[in-house]
Amino acid sequence: MNLIELLLFGVLFSALGATAPGLINLSVAERTLTRGVRPGMMVATGAALTQLIYTFIAVYFIDVIIKNEIITESINWAACVIFLGLGVFYFFKTAATVKPSKSASDRKHFGYGLVIAGMNMLIIPTWIFIAIWLKSNGFDFIAIREIIFISLGSGIGALLVFVGYVRLSRYILDQKSN
């Protein structure tokens, strides 16, 4: 088993999954636009850490999860409830004038990234699917180091995309000020 291949698979699949605009990416962009690059980077780092943890959970417990329909259904229902709740909340939320705030600590922005990404429970079923595909192609995930490498790759891939959103947001700010 080539650990570098697992790391690269993690980076690739995570980057592909995180590229499309979603709650996490838009939160990273919003923090960058309203509070600056450093808060945006802290949100991105917190979200990437959550991605790494969710990937580790999904791959570590892959055999248990795929054999137990109750766990799979529970994950799906919890994700539906969370996204429905967020959709209703943001639908009725009124837009307020955002004033840049420099007083918030890095921990607050990092925690915000953890929470926002933590609500995205669809990461687990996605990585279950990816892990099943990888298992069918010769990757077994027997050793803990294999699980750690694919999880690290997942976190790195997500972080790369989130940093891209920070840079894109910064570019928009620079273009707007010129």
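These numbers were taken from a predicted model, which means no experiment stands behind them.

### Looking at the packing of aromatic side chains
The geometry of an aromatic ring pair is captured by two quantities: the separation of the ring centres and the angle between the planes. Within this structure, the stated rule accounts for six aromatic pairs. Ring geometry for Phe9 versus Trp133: centroids 6.2 Å apart, planes at 85 degrees, classification edge-to-face. Separated by 124 residues along the polypeptide, Phe9 in helix α1 (residues 3–19) and Trp133 in helix α7 (residues 123–136) bring together distant segments of the chain. Relative accessible area serves as the criterion here: at 23%, Phe9 is assigned to the partly exposed category. The class for Trp133 is partly exposed, based on a relative accessible area of 39%.

### Some points on the side chain of Asn25
On the secondary structure map, Asn25 appears in helix α2 (residues 23–35). Residue class for Asn25 comes out buried when judged on its relative accessible area of 3%. Within the local environment of Asn25, its side chain forms a polar contact with the backbone oxygen of Ala18, the two atoms lying 2.6 Å apart. Not counting residues within four places of it along the chain, the set of residues in contact with Asn25 comprises Ala18, Thr19, Ala20, Val161, Phe162 and Tyr165.

### Observations regarding the side chain of Thr55
Note that Thr55 resides in helix α3 (residues 37–60). Residue classification places Thr55 among the buried positions, given a relative accessible area of 0%. Among all residues touching Thr55, those that are not within four sequence positions of it are Ile123, Trp127, Ile150, Ser151 and Ser154.

### Here's the deal with α1
Under the 1.5 Å per step criterion, the end-to-end length of α1 is 24 Å for 17 residues, consistent within 8% with the ideal 24 Å. If you check which residues of α1 are buried, you get Leu3, Leu6, Gly10, Val11, Ser14, Ala15 and Ala18. Taken down its axis, α1 places every buried residue within 160 degrees of arc, on the same side. Summarising the geometry of α1, the exposed residues directed more than 90 degrees from the buried face are Leu8 and Leu16.

### Points about the pattern of salt bridges
Overall, the coordinates contain two salt bridges when judged by the stated rule. The closest approach of N and O atoms between Arg31 and Glu30, which form a salt bridge, is 3.9 Å. Under the relative-accessibility criterion, Arg31 is labelled buried at 8%.

### Some details on a nonpolar patch on the surface
A surface patch of nonpolar side chains, amounting to about 920 Å² of accessible area, comprises Leu49, Ile53, Ile57, Tyr60, Phe61, Val64, Ile144, Ile148, Leu152, Ile156 and Leu160. With five residues, helix α8 (residues 144–177) is the largest single contributor of residues to the nonpolar patch. With respect to the secondary-structure elements, Ile53 resides in helix α3.

### Quick notes on unusual backbone geometry
Phi angles above zero are rare outside glycine, and Phe141 is one such case at about 60 degrees. Position of Phe141 relative to the elements: it lies in the loop between α7 and α8.

### What to know about the nonpolar core
Formed by 21 residues in total, the largest nonpolar core has its most connected members in Phe141 and Ile150. Listed by contribution, the elements that provide at least two residues to this core are α1, α3, α4 (62–67), α5 (69–92), α7 and α8. Among the elements that make up this core, the one with the highest residue count is α7 (seven residues). The contact partners of Ile150, leaving out residues within four places of it in the chain, are Leu6, Gly10, Thr55, Val59, Trp127, Leu134 and Phe141. Among the nonpolar cores identified, the runner-up in size contains 15 residues, and Ala48, Ile116, Val161 and Phe162 belong to it.

### Describing the environment of Ser14
Secondary-structure assignment places Ser14 in helix α1. Note on Ser14: relative accessible area 2%, which makes it buried. For Ser14, the side chain forms a polar contact with the main-chain nitrogen of Ala158, separated by 3.2 Å.

What counts, and where the lines are drawn
- Residues numbered from 1 in each chain as written.
- Predicted model: local features only at pLDDT ≥ 70, side-chain atom pairs only at ≥ 80, totals over all residues.
- Heavy atoms only, no water.
- Phe/Tyr/Trp six-rings, centres within 6.5 Å; stacked < 30°, edge-to-face > 60°.
- Helix = DSSP H or I, 4+ residues; strand = E, 2+ residues; numbered from the N terminus.
- Buried < 20%, exposed > 50% of the residue type's maximum accessible area, 1.4 Å probe, protein only.
- Polar contact = N/O pair within 3.5 Å; in protein donor to acceptor, adjacent residues only side chain to side chain.
- Contact = heavy atoms within 4.5 Å.
- Expected span 1.5 Å × (residues − 1).
- Arc of directions from axis to C-beta.
- Salt bridge = Lys/Arg side-chain N within 4 Å of Asp/Glu carboxyl O.
- Patch = residues over 30% accessible without salt bridge, like charges linked within 9 Å, V, L, I, M, F, W, Y side chains within 5 Å.
- Areas by Shrake-Rupley, 256 points an atom, 1.4 Å probe, with all protein chains shown as cover.
- Core = buried A, V, L, I, M, F, W, Y, C linked by side-chain atoms within 4.5 Å.

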